[in-house]
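This is what each chain is made of:
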Amino acid sequence: PTIVCWEGSGHTGMVVVSVFACMVPVAFIALACAVVWRLPQEMRNGNAEFLRSFAFLLFRFRLGCEGYVIVFIVRNLLVSLVPVVPDAAAQVVLMVVVQLASVISAMRLLPWRVQQANVLDVFTVTCTVLLLLFGALLMEDVDGSALSVVTCVIIALALLAVLGTLGYGIYVRLRPAQKAYQYFVCHHKAGAGNLARLLKMQLQEPPASLHR
């Protein structure tokens, strides 16, 4: 290599270009977050132009899971950043963590509009995790001390999860019974259905917007 890090003007120019290049995915993620944030309000306003403009972000996900587009983009970004980590074992661990988080969220939410896409997503990510685990068996010169620390952390997290779940179950069992709803709207099915729906929308509005 002819360019040494932090020596000479060539590397400085590369750093400047890379900083501006990194702003592109960050700006795209910020745009996706803004679209998901504005989506409920724009749907209430009947803004069809907004939906057409950002359909490339939203049309693949079922109603109510449009926010999964952020998870999908962040997952891909993290996967692309894992090779930056210098240690091979750390790369495998981080990649497995990212993929497991992705597959758990996909199984819990089933976000894709087509059911077969949910199955395909879970299957391909599971195969990726298995390939990573099999590849880890072929690794050499693994830092045993670092691996032991990671193993202890994982075991501690598992124990904390079990204890937390047991504690929450005891709390739910012993706490006083509470209503599962804040308001109960009872109406005649044929004569007042639209009015009940309008009342529900008004009750779900933020308090400041009710006085406009």
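The model shown is predicted, which means the values in this text are computed figures rather than measured ones.

Peer 1: Could you clarify how one ought to interpret the nonpolar core in this entry?
Peer 2: Across soluble globular proteins, nonpolar side chains have a tendency to be buried as a group. Counting residues in each nonpolar core, the largest one holds 18 residues, and the members touching the most others are Val35, Leu57, Phe61 and Ile73. Sorting the residues of this core by element identifies helix 1 (9–44), helix 3 (55–58), helix 4 (68–81), helix 5 (88–109) and helix 6 (115–136) as the ones contributing at least two each. Discounting residues that sit within four places of it in the chain, Phe61 has contacts with Glu66, Tyr68, Val69, Phe72, Pro111, Trp112 and Arg113. The next biggest cluster of nonpolar side chains, apart from the first, holds 6 residues, and it includes Val82, Val92, Val96 and Leu132.

Peer 1: Sorry, what's going on with the layout of surface pockets here?
Peer 2: Unfilled space is identified by rolling a water-sized probe across the atoms. Empty space within the largest pocket amounts to approximately 390 Å³. For the lining of the largest pocket, the element with the most residues is helix 7 (residues 144–174), which contributes 6 residues. Its residues assigned to classes, the lining of the largest pocket comprises 15 nonpolar, 1 polar and no charged.

Peer 1: What's the story with the packing of aromatic side chains in this structure? I'm lost.
Peer 2: Think of a pair of aromatic rings as described by two things: how far the centres are apart, and how the planes are tilted against each other in angle. Following the criterion strictly, the structure yields 6 aromatic pairs and no others. Judged by centre distance (5.1 Å) and plane angle (55 degrees), the ring pair of Phe50 and Phe54 falls under tilted. Pair check on accessibility: Phe50 and Phe54 agree, each one buried. Members of the aromatic cluster, each reached through a chain of ring pairs, are Phe61, Tyr68, Phe72 and Trp112.

Peer 1: Before we go on, may I ask you to explain the packing of helix 4 against helix 5 in this structure?
Peer 2: Axes are the key here: two packed helices are described by the angle between their axes and the distance separating the axes. Where helix 4 contacts helix 5, the two axes come as close as 10 Å, and the packing angle between them is 165 degrees. Here helix 4 lies roughly antiparallel to helix 5, going by the angle between them. Both helix 4 and helix 5 take part in a crossing whose hand is left-handed. Where helix 4 abuts helix 5, its residues Tyr68, Val71, Arg75, Leu78 and Val79 lie against Met95, Val98, Gln99, Ser102, Ser105, Ala106 and Leu109. Of the residues assigned to the contact of helix 4 with helix 5, the class counts are 8 nonpolar, 3 polar and 1 charged.

Peer 1: Looking at this structure, how should I read helix 1?
Peer 2: At 3.6 residues per turn, the α-helix brings residues three or four places apart onto the same side. A rise of 1.5 Å per residue sets the reference length of helix 1, with its 36 residues, at 52 Å; its end C-alpha atoms lie 54 Å apart and thus fit the reference within 8%. The sharpest bend along helix 1 reaches about 40 degrees and sits at Arg38, with the proline Pro40 one to four residues further on. Residues of helix 1 that are buried: His11, Ile29, Ala32, Val35, Leu39 and Glu42. On its buried side, helix 1 packs onto helix 2 (48–53), helix 3 and helix 4.

Peer 1: In this structure, what is going on with the packing of helix 1 against helix 4? I would like to understand it.
Peer 2: One can describe the packing of helix 1 onto helix 4 by two numbers: an axis separation of 9 Å at closest approach and a directional angle of 165 degrees. The angle between the axes of helix 1 and helix 4 places the two elements in the roughly antiparallel class. Seen from above, helix 1 lies across helix 4 with left-handed handedness. Residues Pro25, Phe28, Ile29, Ala32, Cys33 and Val36 of helix 1 form the contact with helix 4, whose own contacting residues are Val69, Ile70, Ile73, Val74 and Leu77.

Peer 1: Looking at this structure, I do not really get the side chain of Glu66. What am I missing?
Peer 2: Tracing the backbone through its elements, the reader meets Glu66 in the loop between helix 3 and helix 4. Put simply, Glu66 is tucked away with no salt bridge, and the nearest opposite charge, on Arg113, sits 6.0 Å away. A distance of 3.2 Å separates a polar side-chain atom of Glu66 from the backbone nitrogen of Gly64. In this view, Glu66 contacts Val36, Leu39, Leu58 and Phe61; residues no more than four positions away in its chain are not counted.

What counts and what doesn't
- Residues numbered from 1 in each chain as written.
- Predicted model: local features only at pLDDT ≥ 70, side-chain atom pairs only at ≥ 80, totals over all residues.
- Heavy atoms only, no water.
- Core = buried A, V, L, I, M, F, W, Y, C linked by side-chain atoms within 4.5 Å.
- Buried < 20%, exposed > 50% of the residue type's maximum accessible area, 1.4 Å probe, protein only.
- Helix = DSSP H or I, 4+ residues; strand = E, 2+ residues; numbered from the N terminus.
- Contact = heavy atoms within 4.5 Å.
- 1 Å grid on protein atoms, 1.4 Å probe; cavity = no way out; pocket = protein on both sides within 12 Å on 5 of 7 lines; lining within 4 Å.
- Points joined across faces, edges and corners; volume = space filled by probe spheres on them.
- Nonpolar A, V, L, I, M, F, W, Y, C, P; charged D, E, K, R; others polar.
- Phe/Tyr/Trp six-rings, centres within 6.5 Å; stacked < 30°, edge-to-face > 60°.
- Axes fitted to C-alpha atoms, helices over the stretch in contact; angles between N-to-C directions.
- Parallel < 35°, antiparallel > 145°, perpendicular 65-115°, else oblique.
- Left-handed = near helix turned anticlockwise from the far one by under 90°.
- Expected span 1.5 Å × (residues − 1).
- Bend = angle between axes of the 7 residues up to and from the residue.
- Lys, Arg positive; Asp, Glu negative; His and termini not counted.
- Salt bridge = Lys/Arg side-chain N within 4 Å of Asp/Glu carboxyl O.
- Polar contact = N/O pair within 3.5 Å; in protein donor to acceptor, adjacent residues only side chain to side chain.

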